[in-house]
Amino acid sequence: MDVLSSRVLLRPTDAARSQAFYRDVLGLAVYREFGPPGDRGVVFFLGNGLLEVSGQAAEPPRGLALWVQVRDLTAEADRLSRAGVPVVSPPERMPWGLLEATVADPDGVALVLVEVPADHPLRVDVRPPG
């Protein structure tokens, strides 16, 4: 398989509400919008990926979580909490060394916010010299 592009497709129960959440509350930049005025789909930049929020589902998505790396986990978790976003788990250092917090979108989809500490192997070359 020669993958040229990819994106996560999210079918919320209320597209306009979820689009407003990802655009206005999270502050994700819009990559593109498509579809007729009454049924717009929006594709957001999501770091090195894309998130499409379009269509409508009868039930909230299940078993889906979005992993989102941020620069300052505490600041983002505080900002989202003040905006009324449910904080499912507050910032904490996980056993694998990452700082993580989980918030929920309007349908309860988990957004795992992650900060990579400066001393974590994802940032530091831990290979022996040579």
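Residues numbered from 1 in each chain as written. Predicted model: local features only at pLDDT ≥ 70, side-chain atom pairs only at ≥ 80, totals over all residues. Heavy atoms only, no water.

Visitor: Is there a simple way to explain the overall build of the protein chain in this structure?
Guide: Looking only at helices and strands, the protein chain features two helices and eight strands. In the protein chain, the succession of helices and strands from N to C terminus is β-α-β-β-β-β-α-β-β-β. Oriented by its inertia axes, the alpha-carbon framework of the protein chain measures out at about 60 × 40 × 25 Å. For the protein chain, buried positions account for 36% of its 130 residues. If you take every contact in the protein chain between residues at least 6 apart in sequence, the share linking residues at least 24 apart comes to 48%. Accessible area of the protein chain: about 8,200 Å², with a carbon and sulfur share of 53%. Between the centroid of the 13 positive side chains of the protein chain and the centroid of its 17 negative side chains there is a distance of 4 Å. (Helix = DSSP H or I, 4+ residues; strand = E, 2+ residues; numbered from the N terminus. Buried < 20%, exposed > 50% of the residue type's maximum accessible area, 1.4 Å probe, protein only. Contact = heavy atoms within 4.5 Å. Areas by Shrake-Rupley, 256 points an atom, 1.4 Å probe, with all protein chains shown as cover. Lys, Arg positive; Asp, Glu negative; His and termini not counted. Charge placed at Lys NZ, Arg CZ, Asp CG, Glu CD.)

Visitor: When you look at the nonpolar core in this model, what are you seeing that I'm missing?
Guide: A general tendency of soluble globular proteins is for nonpolar side chains to be buried together. One finds Tyr22, Leu26, Leu28, Leu51, Val68 and Leu111 to be the most contacted residues of the largest nonpolar core, which totals 22 residues. Residue assignment for this core shows that the elements contributing at least two residues are helix H1 (15–25), strand S3 (41–46), strand S4 (49–53), strand S5 (65–69), helix H2 (73–82), strand S7 (99–104) and strand S8 (110–115). Look past the residues within four positions of Val68 in its chain and what remains in contact with it is Leu46, Leu111, Val112, Leu113 and Val114. (Core = buried A, V, L, I, M, F, W, Y, C linked by side-chain atoms within 4.5 Å.)

Visitor: Sorry if this is basic, but what is going on with the sheet that holds S8 here?
Guide: Strand pairing within a sheet occurs via backbone hydrogen bonds; the two strands may be parallel or antiparallel. Pairing within the open sheet is mixed, and its four strands lie in the order S5-S8-S7-S6. The open sheet has two edge strands, S5 and strand S6 (87–93), and neither has a second partner. Strand-to-strand, the axes of this sheet are offset by a mean angle of 20°, without reference to chain direction. Pairing geometry for S5 and S8, over five bridges, is parallel. Opposite Gln69, over in S8, you have Val114 as the bridge partner. (Pairing = 2+ DSSP bridges. Axes fitted to C-alpha atoms, helices over the stretch in contact; angles between N-to-C directions.)

Visitor: Help me understand the sheet that holds strand S1 (residues 8–10), please; the structure alone is not making it clear to me.
Guide: Read from one edge to the other, the open sheet built from four strands follows the order S1-S4-S3-S2, with strand pairing classed as mixed. With one partner strand each, in any of the chains shown, S1 and strand S2 (30–34) form the two edges of the open sheet. Looking at each pair of strands side by side, their axes are set apart by 20° on average, direction ignored.

Visitor: Sorry if this is basic, but what is going on with the layout of surface pockets here?
Guide: Take a probe with the size of a water molecule and roll it over the atoms, and the empty space left behind shows itself. By volume, the largest pocket amounts to about 380 Å³. As for the largest pocket, its lining consists of 19 residues, of which Leu28, Leu46, Val68, Gln69 and Val70 are closest to the centre. Breaking the lining of the largest pocket down by element, the ones donating at least two residues are S3, S5, H2 and S8. The class makeup of the residues in the lining of the largest pocket is 10 nonpolar, five polar and four charged. (1 Å grid on protein atoms, 1.4 Å probe; cavity = no way out; pocket = protein on both sides within 12 Å on 5 of 7 lines; lining within 4 Å. Points joined across faces, edges and corners; volume = space filled by probe spheres on them. Nonpolar A, V, L, I, M, F, W, Y, C, P; charged D, E, K, R; others polar.)

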